[in-house]
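# Structural features, examined
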Amino acid sequence: MAFSKKTIGNDIIELDTIPSTNNYAADLLRTTNVQNGTVILAHEQTAGRGQRGKDWHSSSGQDLTFSIVLYPEALPAVKQFYLSRVVALGIFDHLKTLVNTDVSIKWPNDIFVDDKKICGILIENELNSSEVSQSIVGIGLNVAFAEASVDFIHTSLQFEMHGELEKMDLLQGMLAAINKRYQELRSGKFVRLARDHANALYLKGRWTAFDLRGDVVRARILDVEEDGRLTIETEAGKVVSEGLGKLRHILYGTDILK
Ligand code: BTN
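Residues numbered from 1 in each chain as written. Predicted model: local features only at pLDDT ≥ 70, side-chain atom pairs only at ≥ 80, totals over all residues. Heavy atoms only, no water.

In the case of a regular strand, side chains alternate between the two sheet surfaces. Of the strand pairs in this sheet, strand E8 (residues 208-212) and strand E9 (residues 215-224) are connected by five bridges, and their pairing is antiparallel. In the strand pairing of E9, leucine 212 is matched with aspartate 215. Two successive antiparallel strands, E8 and E9, enclose a turn made up of two residues, where arginine 213 displays a positive phi of approximately 50°. Of the pairings in the sheet, the one linking E9 to strand E10 (residues 230-234) comprises five bridges and is antiparallel in character. Each residue of the ladder has a partner; that of isoleucine 221, found in E10, is isoleucine 232. Counted between consecutive antiparallel strands, the loop separating E9 from E10 contains five residues, among which glycine 228 sits at a positive phi close to 95°. (Pairing = 2+ DSSP bridges. Helix = DSSP H or I, 4+ residues; strand = E, 2+ residues; numbered from the N terminus.)

Right, here's the structure in full:
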């Protein structure tokens, strides 16, 4: 049965200190045959990368930073946002089993606990004609109870759980949850993935501020399109779908997280 199949995490490469697990995976892919679902875990990253060219800082030895190499079978390039949905939903599913407060997916794929970011995802796809031939999925989860990991826009798992966690157990739990969602993708459960992702969205249906093409509007999220664009309805009753370059939540009175 497709559901019980394990693609992700059969091979785990565990490293102490490297610049970035996404870069390490990319280098490895250039020189070696890497098995589908291989995980690269670093206990410390010295040059972690975030979305849109930003740096990603994590606490040495404590946070969970890893990348997964995937060769999605016959996933059309126009459906590549499903990989984002799969990964965000897997993390969302697992974190919900660990914390009692509200877990959500902030569009497009940050993971929030209440109103704070706990996890970031950096997916780097390679396209082969019209399909996704290879994907490097980088995940950075704030785990440490360190003061530096928790402020008014970020939180950490140990802070939310008020307790200790065994890092490798946490990794295995996350991989199993992402694998489960990945098997849904492999068996074509597009409707379920889109519905679950939409239902998990941070602030869905609530009137909040957005930056829409440089204008501040009050709007509410209606849905996410197949290509990943967010569909909102403005207070003036206009329905608009836009990508990240043109549409952003305005949180905390400013746009710190982007
Ligand atoms: C973001 O929210 O901006 C995405 C952050 C992604 C960070 C992870 S940590 C593991 C992997 N390696 C990197 O260099 N980045 C990703």
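Picking up where we left off.
Scanning the model with the defined rule gives 14 salt bridges in all. Where glutamate 184 meets arginine 192, a salt bridge forms, and the shortest distance between an N and an O atom there is 3.3 Å. Given the relative accessible area of 5%, glutamate 184 is considered buried. Accessibility expressed as a relative area gives 30% for arginine 192, which makes it partly exposed. Arginine 229 serves as the salt-bridge partner of aspartate 227, at 3.0 Å between the closest nitrogen and oxygen. Of the residues examined, arginine 229 reaches a relative accessible area of 33% and is grouped as partly exposed. Overlapping salt bridges, with partners in common, bring together Asp93, Arg181, Glu184, Arg192, Arg195 and Asp196 in one network. (Salt bridge = Lys/Arg side-chain N within 4 Å of Asp/Glu carboxyl O. Buried < 20%, exposed > 50% of the residue type's maximum accessible area, 1.4 Å probe, protein only.)

Attention now goes to the site of the ligand. Around the ligand, 20 residues are found, and the nearest of them are Ser20, Gln45, Arg49, Gln51 and Lys117. Within the side chain of glutamine 45, a nitrogen or oxygen atom sits 2.9 Å from a nitrogen atom of the ligand. Taking lysine 117, its side chain carries an N or O atom lying 2.7 Å from an oxygen atom of the ligand. Computed on the free molecule, the ligand has an accessible area of 410 Å², of which 97% lies beneath the protein chains in the complex. Looking at the shell around the ligand, the elements that each hand over two or more residues are helix H1 (21-31), strand E3 (64-70), strand E6 (116-128) and strand E7 (131-141). (Near = heavy atom within 4 Å. Polar contact = N/O pair within 3.5 Å; in protein donor to acceptor, adjacent residues only side chain to side chain. Areas by Shrake-Rupley, 256 points an atom, 1.4 Å probe, with all protein chains shown as cover.)

Moving on to the packing of helix H2 (residues 81-98) against helix H4 (residues 167-186). Across the interface, H2 lies against H4 with an axial gap of 8 Å and an inter-helix angle of 135°. By the angle between their directions, the pair H2 and H4 is classed as oblique. With respect to the hand of their crossing, H2 and H4 are arranged in right-handed fashion. Taken together, the residues of H4 that come into contact with H2 (itself represented by Tyr82, Leu83, Val86, Val87, Leu89, Gly90, Ile91, Asp93, His94 and Leu98) are Leu170, Gly173, Met174, Ala177, Ile178, Arg181, Tyr182 and Leu185. When grouped by side-chain class, the residues that make up the contact of H2 with H4 number 13 nonpolar, three polar and two charged. (Axes fitted to C-alpha atoms, helices over the stretch in contact; angles between N-to-C directions. Parallel < 35°, antiparallel > 145°, perpendicular 65-115°, else oblique. Left-handed = near helix turned anticlockwise from the far one by under 90°. Contact = heavy atoms within 4.5 Å. Nonpolar A, V, L, I, M, F, W, Y, C, P; charged D, E, K, R; others polar.)

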